[in-house]
Structure formats: structure tokens, C-alpha cells
Amino acid sequence: MAALTAFVQNLLGGLLIGGVYALIGSGLSLIFGVMRVINFSHGEFVAIGMYFALALNQWIGLDPYLSLLIALPGGYLLGLVVERLMLNRLVDAPEGSTLLATLGLGLVLSNTLHLAFGAEPKSVYTSYATKTIGLGSITLSVPLMLAGAAALLIIGVLSFFLTRTELGRAVRATAQNRLGAELVGIDTRSIHGFVFGVGAMLVVAVGVILIPLLFVTPTIGSTYTVKAFVVTVLGGLGNTTGAIAGGLVLGVVEVLGASYLSTAYRDAYGLLAFLLLLLFRPHGLLGRRTRRV
């Protein structure tokens, strides 16, 4: 019985952190699905969100979750500026150009954070940082539950927007056929700016959600860039629904691996699952197989 309780507790913990991973992957998958841009600076926006929440907490004592009210529009505006100043100029350039541009952007952002905040790890202490909630014999961390719930709520809002609004339909039309969307009057360049802004907003939100749980350093973004790619490939590149499934799978694999094998190799378990999926289902869990003609 104790073994079953431990398994269920680990499974729930994995699903909660998997919801956060799903939010990271949804942003990257949305950007790739619409813009066909592989964003190698994706994880740096997570770090920006973490430092943003840290700064507001230190300056005015604002709780990280309340800082989401500022971080969400701020993340969108930051992404929009990046798209307008850099990526918008590379719409018709070879794919390697955008890849190198986002890689360089990631280096600039991480070094800017290093100059602004220093290299030492920092975190936010909250009144609920060490609190837990008991569900029968199962105990879950309050910050982890808040992080998972916030991530799933944001994903739900994103899903509603993409499927139920006129702008969301324009985004999906651009993703399916850019030329066809332009022929029916959709300004695809504006859609690209909007989508990159939304993608940046999602991962900035992830940073805010994670800061009560983790320490932040200027180089932490590279870790989350890797996780974002693992999640999107697990779910099927460009498939936002698949990114949700990929994030949940990654979270469960990491937590179960750390609990039953070794915590030292937690990140490696997700990479192992990623490699196995590429071998047996290279188009992802929910991706579609395409034929070359």
C-alpha cells in the first residue's frame, strides 16, 4: 500500500510539473507551427520571467503570482518587439538565418541578465514556499500545485482563443497555408508578430510560475530551451495539442525516474524518452506522418 501511495504521489507531481513543461512547449510549438521558426532563444524568455518576478518581489514585495498581471502583457510586448526588429526582416530568408538569429538573441539575453543581476543563484521566498496539502495519505507541495494549476489555466485560455475567436482562426489559417491566408485578406506578417508575442508571453509566464520553486541563474534558459524542444518533438513539432501531451509525459518520466532510479540523472530520463520516441515514432505522439513526393 505504501508503494502504491508513493507511486500516485510521484505521478501527480509529474503531471503538475508536466503542465508547466506543456506551457513551455506550447509557446515553441505555436511559433514553429505558424512562423516555421525554430526559436533557440525560447528558454531565455523563461529566465527573463524569473528575474522579472524576482525584481518585483525585491523592490515592492509583490507575490510572484500577482506579478503575472504585469508579466503577461510585458512578455507579449517583448516578443512583439523582437519579431518586428529582427524576425520580421527574415520572413523570406533561408531557414538557417532565423536559426542563427534566435541563437544569437539567446546569447545576448543571457549575457544581459548576467550583467544586470550577476551570476549567483537567486530565488524568491514566499509564505507558502514550504507548505503542503494532504490528500488522504498523499502530500503535495503547495507551490507545485499552484504552478501546475496556473500553467493548465493559461493553456486552457490559449486553446479557447485559438479555436473560438476570429483572430485564433486567422492564426490557424496562417499556420495551414500562408499564401491561402493572404489571398483571403489575412495580414500574415501581423499574425507572425502576434504569434511570437504570444509565444514569448507564455514562456515569460512559465518563469514567473517557477520562481517560487527554483533558483534562477542567467544561464538557466538553455535548460528550458532543451526541454521545450523535447516537449514539442514528443508531441509532434508544430502541434500545440501534442505539446501538452509531450509536456505531461516529460514531467512524469522525470519525476518517476528521479524517484525510482536516481535524482542525479533527472534531466537525462526525459532525453532518453525523447531518443526512444525518435526511433519508434519520429513524427511524435500526436504528429502526423508525412510522405515525401
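Rules behind the numbers
Residues numbered from 1 in each chain as written. Predicted model: local features only at pLDDT ≥ 70, side-chain atom pairs only at ≥ 80, totals over all residues. Heavy atoms only, no water. Helix = DSSP H or I, 4+ residues; strand = E, 2+ residues; numbered from the N terminus. Rg over C-alpha atoms; globule rule 2.2 N^0.38 Å. Buried < 20%, exposed > 50% of the residue type's maximum accessible area, 1.4 Å probe, protein only. Contact = heavy atoms within 4.5 Å. Pairing = 2+ DSSP bridges. Patch = residues over 30% accessible without salt bridge, like charges linked within 9 Å, V, L, I, M, F, W, Y side chains within 5 Å. Areas by Shrake-Rupley, 256 points an atom, 1.4 Å probe, with all protein chains shown as cover. Salt bridge = Lys/Arg side-chain N within 4 Å of Asp/Glu carboxyl O. Expected span 1.5 Å × (residues − 1). Polar contact = N/O pair within 3.5 Å; in protein donor to acceptor, adjacent residues only side chain to side chain. Core = buried A, V, L, I, M, F, W, Y, C linked by side-chain atoms within 4.5 Å. Axes fitted to C-alpha atoms, helices over the stretch in contact; angles between N-to-C directions. Parallel < 35°, antiparallel > 145°, perpendicular 65-115°, else oblique. Nonpolar A, V, L, I, M, F, W, Y, C, P; charged D, E, K, R; others polar.

### Considerations on the overall build of the chain
Then, in step 1: Counting its secondary structure elements, the chain contains 11 helices and two strands.
Then, in step 2: From first element to last, N terminus to C terminus, the chain shows the α and β order α-α-α-α-β-β-α-α-α-α-α-α-α.
Then, in step 3: Whereas a compact globule of 293 residues would reach a radius of gyration of roughly 19 Å, the chain reaches 19 Å, a difference of no more than 12%.
Then, in step 4: Viewed in the frame of its principal axes, the chain has a C-alpha envelope of about 60 × 50 × 35 Å.
Then, in step 5: For the chain, the proportion of its 293 residues judged to be buried stands at 49%.
Then, in step 6: Contacts in the chain between residues at least 24 apart in sequence constitute 76% of all its contacts with a sequence separation of at least 6.

### Here's the deal with the environment of Phe117
Then, in step 1: By the element assignment, Phe117 lies in helix α4 (residues 95-117).
Then, in step 2: Leave out the neighbours within four places in its chain, and Phe117 touches Tyr51, Ala55 and Lys122.

### A few points about the pairing of strand β1 (residues 132-135)
Then, in step 1: As paired elements, β1 and strand β2 (residues 138-141) share four bridges and run antiparallel to each other. Across the sheet, Gly134 pairs through a bridge with Thr139, a residue of β2.
Then, in step 2: The hairpin formed by β1 and β2 contains two residues between the paired strands, and Gly136 there has a positive phi angle of roughly 70 degrees.

### Points about a nonpolar patch on the surface
Then, in step 1: On the surface, a cluster of nonpolar side chains totalling about 440 Å² of accessible area is made up of Leu4, Phe7, Tyr260 and Leu261.
Then, in step 2: In this structure, Leu4 sits in helix α1 (residues 2-35).
Then, in step 3: Take Leu4: its relative accessible area is 51%, and that puts it in the exposed class.

### So, the pattern of salt bridges
Then, in step 1: All told, the structure shown has seven salt bridges when counted by the stated rule.
Then, in step 2: Put simply, Glu166 and Arg169 hold a salt bridge, and the shortest N to O gap is 3.2 Å. Here the residue Glu166 and the residue Arg169 both occupy positions in helix α6 (residues 166-176), the gap between them amounting to three residues, near one helical turn.
Then, in step 3: Residue class for Arg169 comes out partly exposed when judged on its relative accessible area of 36%.
Then, in step 4: If you follow the salt bridges from partner to partner, you end up with Lys227, Glu254, Arg266 and Asp267 in one network.

### Section: helix α10 (residues 240-260)
Then, in step 1: Counted at 1.5 Å a residue, the expected span for α10 with its 21 residues is 30 Å, and the 30 Å between its end C-alpha atoms agrees.
Then, in step 2: At the N-terminal end of α10, a side-chain oxygen is found 3.1 Å from the backbone nitrogen of Thr241, two or three residues along, and the residue is Asn239.

### Quick word on the nonpolar core
Then, in step 1: Counting 74 residues, the largest nonpolar core has Phe45 and Val195 as the members making the most contacts within it.
Then, in step 2: In terms of residues, this core owes the most to one element, helix α8 (residues 188-210), which gives 14 residues.
Then, in step 3: Those residues within four positions of Val195 in sequence are excluded, and the remaining contacts are Leu30, Ile31, Val34, Met35 and Val171.

### Digging into the side chain of Thr174
Then, in step 1: Note on placement: Thr174 falls in helix α6.
Then, in step 2: Judged by relative accessible area, which is 2%, Thr174 ranks as buried.
Then, in step 3: The contacts of Thr174, once residues within four sequence positions are left out, are Val34, Ala181, Ile186, Thr188, Ile191 and His192.

### A word on the packing of helix α5 (residues 142-164) against α6
Then, in step 1: Two numbers describe how α5 lies on α6: the axes approach to 5 Å, and their chain directions differ by 80 degrees. Accordingly, the angle class assigned to the pair α5 and α6 is roughly perpendicular. When α5 is examined against α6, the residues Phe161, Leu162, Thr163 and Arg164 are found in contact with a partner set consisting of Glu166, Leu167, Gly168, Arg169, Val171 and Arg172.
Then, in step 2: Classifying every residue of the contact of α5 with α6 by side-chain character gives four nonpolar, two polar and four charged.

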